[in-house]
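Descriptive structure summary
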Amino acid sequence: MYTMNPTKPVILTGVRANNDIHIGNYFGAILPIVDMAKRRSADFDINLFIPDLHSFTTPIDHSKLYDSILNNARIYTAAGLPLDNQAIHLYRQSRVPAHSELAWILDCFTGFGEMSRMTQFKDKSDKLHGDQISVGLFNYPVLMAADILLYNATYVPVGDDQTQHLEFTRDIAERMNRKFGELFTVPKPVAEQHQFFGKDQGLRIKDLANPTKKMSKSDDTGKGVIFLGDDPQAAHKKIMSATTDSLGKVQYDRENQPGISNLLEILTLVRQDAGRDVTLEQTISEFTGMERYGDFKRIVADETAEFLTNFQARLAAVDEPAIEAKLQSSEQAMNLVANQTLHRVQKAVGLRR
Ligand code: TYM
């Protein structure tokens, strides 16, 4: 059995398990996370966890949850996560009960008004009705703070939709430290996180049908979203019908040609995944000025379909017993670390001597 090295700083992040993971999550979060884990594991403990308790803050089909949790672990593995690296921990949130224990305690030090200001809550609750808007959705950021603070994480690579939650994590940690003494490691401010992780942090794949908004798994129609599990031919069709513009010339211009710019980015990413050493700038110069959008789209569609075929083959070939063993050993180790923090907090608030 291994434990975390208490002298090594911690990088921690997670991607929710629900529905299906799309190429926005894959290229915007999972691949950069896997690359980061490989590069940083000599100097950091890397905690990659599956926030499965976060999966049903909005209504889901629970008969599919168990599979989609495991699928998350498989996707990391198919994306190249080295399971034999002892500094990388891959675990399910729900298998470390300290997450929900600490979340409850933090709940009681969190203001109702403070949570009401979270923009993600406002966005998501706008799409739901009545009792579908759960208390879990409302205090989701508190559980997220517990996820981070239990492991003394310094760096938390997330997309900008999670920035407000990260700021809340810093606030609650500082508040508790002021009240009870040094309980928590406060994660670095967002600006420092961006400096540390580089500009890929800002990467945002857009919805194909509505390229001014990010590709998101909560999109209702699914027409603008390419899921990793999509049939490659169906994904081909989605790209062929992607929204573009009437300017009639391929150019990288996020303001005026968001659809075309998004396709240029997607093409670069699928080419990189295929092992080609290309940059976005190279893709842009290859296609700038092309006038037939249909031809351009066909290239993007062909190569994206090819990416899906290859990815799905890698996914089918992952070593299931190795994943199961990794989850078990990480969860055992993480329970020890998380319980240490939890006990410290329980003592501070008067639940233990
Ligand atoms: P989630 O599961 O919604 O998204 C996981 C990560 O993917 C990023 N992301 C994207 N990046 C680029 N392009 C897109 N179209 C795109 N869509 C999503 C998100 O910013 C995120 O970084 N609350 C978190 C999960 C979580 C967590 C945590 C993360 C729970 N506890 C503790 C870090 C630390 C969430 O819902 O992410």
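Anyway, here's the lowdown on the structure attached to this text. Computed from a prediction, not measured in an experiment: that's the story for all the values here. (Residues numbered from 1 in each chain as written. Predicted model: local features only at pLDDT ≥ 70, side-chain atom pairs only at ≥ 80, totals over all residues. Heavy atoms only, no water.)

Further remarks concern the pairing of strand β2 (residues 45–50). β2 sits mainly inside the fold: six of its six residues count as buried. Side chains of β2 alternate between two faces, with Asp45, Asn47 and Phe49 and Ile46, Leu48 and Ile50 buried alike. The sheet contact formed by strand β1 (residues 10–14) and β2 spans five bridges and is parallel. By the bridge assignment for β2, Ile11 is matched with Ile46. Read from β2 through helix α2 (residues 65–78) to strand β3 (residues 88–92), the crossover connection turns out right-handed. (Buried < 20%, exposed > 50% of the residue type's maximum accessible area, 1.4 Å probe, protein only. Helix = DSSP H or I, 4+ residues; strand = E, 2+ residues; numbered from the N terminus. Pairing = 2+ DSSP bridges. Right-handed = clockwise from strand over helix to strand, strands pointing away.)

Glancing now at the pairing of β1. Of all five residues that make up β1, four are buried, and the element is covered over most of its length. Relative to strand β4 (residues 153–155), β1 runs parallel, the two sharing two bridges. Bridge pairing in β4 places Val10 opposite Ala153.

This part covers the site of the ligand. With respect to spatial proximity, 28 residues lie near the ligand, and among them Arg16, Tyr140, Asp147, Asp161 and Arg204 are the closest. Residue Asp147 places a side-chain N or O atom 2.7 Å away from a nitrogen atom belonging to the ligand. In this structure, an oxygen atom belonging to the ligand sits 2.9 Å away from a main-chain N or O atom of Gly159. Its free accessible area being 720 Å², the ligand has 98% of it covered by the protein chains. Every element with two or more residues in the shell around the ligand is listed here: β1, α1 (23–40) and α7 (140–149). Residues belonging to the shell around the ligand are distributed by class as follows: 13 nonpolar, nine polar and six charged. (Near = heavy atom within 4 Å. Polar contact = N/O pair within 3.5 Å; in protein donor to acceptor, adjacent residues only side chain to side chain. Areas by Shrake-Rupley, 256 points an atom, 1.4 Å probe, with all protein chains shown as cover. Nonpolar A, V, L, I, M, F, W, Y, C, P; charged D, E, K, R; others polar.)

Before going further, it helps to examine the nonpolar core. Of all hydrophobic cores here, the largest spans 63 residues; its most connected members are Tyr26, Phe27, Ile30, Tyr76, Leu81, Phe296 and Phe307. Those residues within four positions of Tyr26 in sequence are excluded, and the remaining contacts are Ile21, Leu31, Pro32, Ile75, Ala79, Leu228, Asp273, Phe307, Phe311 and Arg314. Membership of the second largest hydrophobic core comes to 43 residues, among which are Val10, Phe49, Leu106 and Phe138. (Core = buried A, V, L, I, M, F, W, Y, C linked by side-chain atoms within 4.5 Å. Contact = heavy atoms within 4.5 Å.)

Another aspect to go through is the sheet that holds β1. Reading across the sheet, the four strands line up as β3-β2-β1-β4 and stay open at both edges, with parallel pairing between neighbours. The sheet is open, and its two borders are formed by β3 and β4, each paired with just one other strand. Neighbour-to-neighbour, the strand axes of this sheet turn through a mean angle of 40 degrees, independent of strand direction. Across the sheet, helix α14 (residues 320–348) is in contact with β2 and β3; its angle to β3 comes to roughly 90 degrees. (Axes fitted to C-alpha atoms, helices over the stretch in contact; angles between N-to-C directions.)

Distances and angles like these do not, on their own, reveal function.
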